[in-house]
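# Inside the fold
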Amino acid sequence: MIRFRLNGAEVAVEAPPTERLSETLRERLGKVGTKVGCDAGDCGACTVLLDGAAVCACLTPAARVAGRSVTTVEGETRELTRLRASFHAHGAAQCGICTPGMLLTAADLLTRVARPSQAEVESALGGVLCRCTGYRSIIAAVVAAGQGDVSAAQGVGAVGDPIPRLDGAAKVAGDRFGADDWPEGALIVRAVRSPHPHAAFQIGDLTAFRARPGVAAIFTAADIPGRNAFSVIPPFADQPAIAASPARFRGECVALIAFEPGVEQEPDDFPITWTPLVPLATPEEAETGEALHAGRPGNLLIEGRIIKGDAATALATSDHVVEGTMTTAFVEHAYIEPEAGSAWMEGDTLVIRACTQAPGMDREDTAAILGLPLEQVRIIPSATGGGFGSKLDISLQPLLGLVTLKTGRACRMTYSRQESMTSTTKRHPAEMRGRIGCDAEGRITGMEFEGRFNTGAYSSWGPTVANRVPVHVSGPYLTPHITARARAIHTHGPVSGAFRGFGVPQGALWQETLYDRLADKAGIDRLEFRLRNALRDGEPSATGQVLRAVGIHDCLSALKPHWTRALAEAAGQPGRGVGVASCWYGCGNTALPNPSTIRIGLSPAGEIVLHQGATDIGQGSNTVIAQIAAEALGLPLVAVRLVGPDTALTPDAGKTSASRQTYVTGRAAKAAAEALRAEILRRANAGDGATLSLDGATLTIRDGSATRIDLSTLPPDAHGHVLVAEATYDPPTSPLDAKGQGAPYAVYGYGAQMVEVVVDPALGTVRLLKITAAHDVGRAINPMLARGQIEGGIAQGIGMALMEEYLPGRTENLHDYLIPTFGDVPPIESLLIEVPDPEGPYGAKGLGEHVLIPTAPAILNAIRHATGAEITRVPALPHRIREALQGLSLPQISSGGAGVENPRSAARPGCDA
Amino acid sequence: MDYARPETLTEALRLMAGGGARALGGGTDLYPGAAARLGGPVVDLAGIGELRGITRNGGQRIGGLTSWTAIAAAVLPDACRALQQAARQVGGRQVQNAGTIGGNLCNASPAADGVPPLLALDAQVELVSASGTRRLELADFLLGPRRTALRPDEVLAAVLIPETALRGRSSFVKLGARSHLVISIAMVAARVEIDRGRVVGAAVAVGACSPVAVRLPAVEAALTGAPVAQAVGRIRDTDVTGPLSPIDDVRATAKYRREAAAELVRRAVAEALG
């Protein structure tokens, strides 16, 4: 029996002495506010205070706390109270998974240093990783807490008010994620996974393993009752929930073991025989290798293309042409919450509660795999500790569902960090090449682009990436002639799927770095060059879509004074450089239906009940959609009660992807709220200009005279609403033709970022001094949340540029796979530009993905400006920058074509054609 | 016995005597490889006060169980500055609060942050078992990646820095691809003694560029006797890279590590010279 003080109260717990304290706290004492991100001391999410000092609970033996005092996020101290308020006020918690660890680490600091400086905060909190915020808001929150200033922005929550998130109180108290709720007695599910990228396997005699105490059930591919093939895009369904031989990537699930709770779960000696097969490691090998999937010769999943005008002729007659390549790596989403969830039966309905970005898709895929009618599957999204695209695909949902369906018992499953990293999707590695030309005045004449994307073992979002890249690769610039094609090629690598930007960040790295070289050739300032080519209203995109509400010119113009200052400051300073890059991004599905439905009602008690099915993975849709709804309804936000998401309670608001929620679900919310308002006004016989107010159950409509409706006297419907409206919005798009021409998106967002760096040429290291980010959001529904998106996206862009490279078998943890820490993200100045889009709610455009796109190319452009080094492969690790710098002393070799430069990149292997 | 938490070293050594148990220090290296609990048998050293703390008595004695936070916070001679700088860069605050100097050495990672500063301090380790105490030069204790001269029945009781090495001023420079929580690509500790404008003693060690961190005798020889203003200029690349045998890994190439090590040696020496 271990006795200690937990949050001020004496507790006694029976636990193995060397059990991880995190396990003891969560499993035996119910303190699930202590989050587990890695079990290795790499992320700090499980930080607790042991006698006031921060330690990782995952590295602390339970017995060691005997007689001592432990504080978790469930506790309350003077410092924690202040920090909670400050984190909430500063938007320092987005998804909330790192928040408990951040709060406790900061509490340790505040007890040692009452009023810490920014630098002291950075250094003290450096042991906790955050993947959402970019850290700046956390630094601000802790500094403010030290100064005693924890007040939040004022505002009633109208559109445009920077109010703290509505679900923020839960975030700073230790929210309940996938691993944090499970039914009593739930079986514990573990997966057996392939240790090889490609291997045949045979499962041995299971009799002995099955008879082992504590083993409740074992399942293999043969046990899948429905269709053992899924994909986020159904026509491409190719990925098994549990693979039959052969396994096609390292980490693929080949069997499930359900253990009774409370027993040691040891799947390591599961009887399985592996016969490693030769893997196709790269697209180059795969294009000539045996097809992974029938009907996909050359392992070509899909090719996306855009052909407008005659790029070859345009380039041949251009005054200046540059040619170059860019190679990118697998990038891991590295959300701090590994996948987790639980399942149980309610009558004949299978209920799955898990982290997700797409409950509706989870439901469809899980039902198909398990052979169930859709109505018998209910998905309840837990709080989701970051997603960034990877939690769009199902992961453990069908596994949980299978166990519960077959055993009739509740179950739960939590991925280890390694499982999360090996088995879920990645950003596509890209090998890109091509040419861009301009005339003597620096106006773009044409572009040729060719990209090969490693889509891994299964389809996932490969088709989307292959289609999005050619559409976007021109950047937000008028490009009269363009030929662009992108191919997604299967390999025995991890499944490449969606990651913030769907391939567009990779394409922008290629395009924006070439733009800098082209601007230099034309002898034009790099920002001016971009301004000269920036798309304007009424001009056509690469798909021939005539654009409106184009904000790129405004974004670049907003950077101008900063650009002038930064160039002047960098001039003559060794190693200093300034870079700029733009982005644009179409919001929602590419030329496909993409509806959202929102229901809003009034309860007899006078609550505005918003059935909000858009999953909030930290980006803020719970708040933004509610602000839009309240504004359209004409009632204060404070009366809004959120319901869902839950496939049994909320209509489908689609997936949280493609920067679509604020725009698409926002439009649905606006329409639903307007319909409800119209119904209220009709009842009161009031005009459009009437004002509404709620006082308890009394709804008052003032339009000259006042009409009162006592809501408690009206009959409620099945959902408990006395007045209700529901609306669906689907963006008006048109399909792309054979040449990729059409109107694939109804709304685009735009942005441009400027990065100031200092490069240490002797070591090839880069220090970021400041990032200035101008983003056209159409209308900032909530400026604080918008800034949070910008800062978080920039942090991921920094990672992509400078450190992130997922190598299967080698960087499957958070100490070999590096994501930015405190200190890697410089001060960020966000400039919110508002060019209202006629299609967006109150003019709003999407933002979530845009923000990541310009960062990496702007960093590379700043490095080139500082040193002349042209980086053609990311991440630009120190040794790669050094290599590029050393190349500068080599003689330049002409590669032939008129006006073509950069022999190093032209000679780089890895790109075909 | 699956787990024991002795309160005296004698008791711990008795429990270790069979050789089948493993000693648990801060846990920051043992737990990452473990399941829900750490497999036993485990002798938890945390309760043994005599293994903790820093004392000076004819040299500096740092108990094996002394945490990095305690080392960083201690008032130590300038010669130990590199060690204190390293102490602030071992993982994050959480790991520094739990992790111990003895554990860092016993774990024997080629990239252990504690090793170059201690090599530059001519450190010895005190290894005790039920059958006695022995002292080894740190360089003789570390045999290779994850390999040490520690016998299964022994505990690393203390790190000993001789009085002769507590002279001068030292500096630690760590290179990685991010700010915090980073396994070094390369790192250098340099300690220099200056007398009347000349370097009269130098100790320079490089980590993460060979299976075990190493001292650089040729660099030290070149520095010794040099006027302070000229000292850094006497560091030759080949004197740095000669003893190194870096590898290509996910963090950097071997070629880069050689170049970076030479640069870091110059910077560490320059900083130590003040």
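Residues numbered from 1 in each chain as written. Chains lettered and ligands numbered in written order. Predicted model: local features only at pLDDT ≥ 70, side-chain atom pairs only at ≥ 80, totals over all residues.

### Here's the deal with the overall build of chain B
A tally of helices and strands in chain B yields 11 helices and 14 strands. Dimensions of chain B, computed from the C-alpha atoms along their principal axes, are close to 60 × 45 × 30 Å. Across the 274 residues in chain B, those meeting the buried criterion constitute 58%. Long-range pairs, those at least 24 residues apart, make up 64% of the contacts in chain B between residues at least 6 apart in sequence. (Helix = DSSP H or I, 4+ residues; strand = E, 2+ residues; numbered from the N terminus. Buried ≥ 20, exposed ≤ 12 C-beta atoms within 10 Å, placed from the backbone. Contact = placed C-beta atoms within 7 Å.)

### Section: the sheet that holds strand 11 (residues 300–308) of chain A
Residue and element names in this part refer to chain A. One open sheet holds the five strands; their spatial order is 11-21-20-19-12, and the pairing between them is mixed. In the strand order of this sheet, the two ends are held by strand 11 and strand 12 (320–327), each with one partner. Neighbour to neighbour, the strand axes of the sheet diverge by 5 degrees on average, direction disregarded. When strand 12 meets strand 19 (residues 430–438), the two strands line up antiparallel, connected through eight bridges. Counterpart to Val-322 in the pairing with strand 19 is Ile-436. Helix 13 (residues 462–472) contacts strand 11, strand 20 (444–456) and strand 21 (481–490) of the sheet and is inclined by roughly 15 degrees relative to strand 11. (Pairing = 2+ DSSP bridges. Axes fitted to C-alpha atoms, helices over the stretch in contact; angles between N-to-C directions.)

### What to know about the nonpolar core
Core analysis: the largest hydrophobic core is formed by 393 residues, its most contacted members being A:Ala629, A:Ile863 and B:Val265. Excluding residues that lie within four positions of it along the chain, B:Val265 makes contacts with B:Val188, B:Ala190, B:Val204, B:Val206, B:Leu216, B:Val219, B:Ile235 and B:Val240. (Core = buried A, V, L, I, M, F, W, Y, C linked by C-beta atoms within 7 Å.)

### Focus on the interface of chain A and chain B
For an interface, size is often stated in terms of accessible area lost upon the parts coming together. Taken together, the contact pairs 47 residues of chain A with 37 residues of chain B. Listed by contribution, the elements that provide at least two residues to the side of chain A that touches chain B are strand 4 (53–56), helix 3 (99–112) and helix 21 (878–887) of chain A. In terms of residue count, the dominant contributor to the side of chain A that touches chain B is strand 4 of chain A (four residues). Tallied by class, the residues present in the side of chain A that touches chain B amount to 23 nonpolar, 13 polar and 11 charged. (Nonpolar A, V, L, I, M, F, W, Y, C, P; charged D, E, K, R; others polar.)

### Let's talk about the domain arrangement of chain A
All names here are of chain A. Segmenting chain A into domains produces domain 1 (1–157), domain 2 (187–279 + 339–414), domain 3 (501–588 + 747–906) and domain 4 (596–729). Computed from C-alpha atoms alone, the centre-to-centre distance between domain 1 and domain 4 is 36 Å. Between domain 1 and domain 4, the contact holds six residues from the first and seven residues from the second. Classifying every residue of the side of domain 1 that touches domain 4 by side-chain character gives three nonpolar, three polar and no charged. (Domains from an automatic or database assignment.)

### Describing helix 17 (residues 621–633) of chain A
Given 3.6 residues per helical turn, the α-helix brings residues three or four places apart onto the same face. For helix 17 of chain A, spanning 13 residues, the distance from its first C-alpha to its last is 17 Å, which sits close to the expected 18 Å at 1.5 Å a residue. In terms of residue burial, helix 17 of chain A counts as a mostly covered element, since 13 of its 13 residues are buried. (Expected span 1.5 Å × (residues − 1).)

### Points about the pairing of strand 32 (residues 828–833) of chain A
Residues and elements named next belong to chain A. Relative to strand 32, strand 31 (residues 765–776) runs parallel, the two being bridged by six bridges. Paired with Ile-771 across the two strands is Ile-828, which belongs to strand 32. Assessed by its sense of winding, the connection that carries the chain from strand 31 through helix 19 (residues 783–802) to strand 32 is right-handed. (Right-handed = clockwise from strand over helix to strand, strands pointing away.)

### With respect to the pairing of strand 28 (residues 705–710) of chain A
Residues and elements named next belong to chain A. Where strand 27 (residues 698–703) meets strand 28, six bridges bridge the pair, whose relative direction is antiparallel. What sits directly across from Ile-701, in strand 28, is Thr-707. Adjacent in sequence and paired antiparallel, strand 27 and strand 28 are bridged by one residue, among which Gly-704 carries a positive phi angle near 80 degrees.

### Looking at unusual backbone geometry
A cis amide bond, omega 0 degrees, links A:Ser245 with the succeeding residue A:Pro246. By secondary structure assignment, the location of A:Pro246 is in the loop between strand 8 (215–220) and strand 9 (253–259). Of note, the phi angle at A:Ala334 is positive, near 55 degrees, even though the residue is not glycine. Tracing the sequence through the fold places A:Ala334 in the loop between strand 13 (331–332) and strand 14 (340–346). By the C-beta count within 10 Å, which is 23 here, A:Ala334 ends up buried. Phi is positive for B:Arg196, which is not a glycine, with a value near 45 degrees. Among the secondary structure elements, B:Arg196 is positioned in the loop between strand 12 (186–195) and strand 13 (198–207). Under the C-beta neighbour-count criterion, B:Arg196 is labelled exposed, with 7 such atoms within 10 Å.

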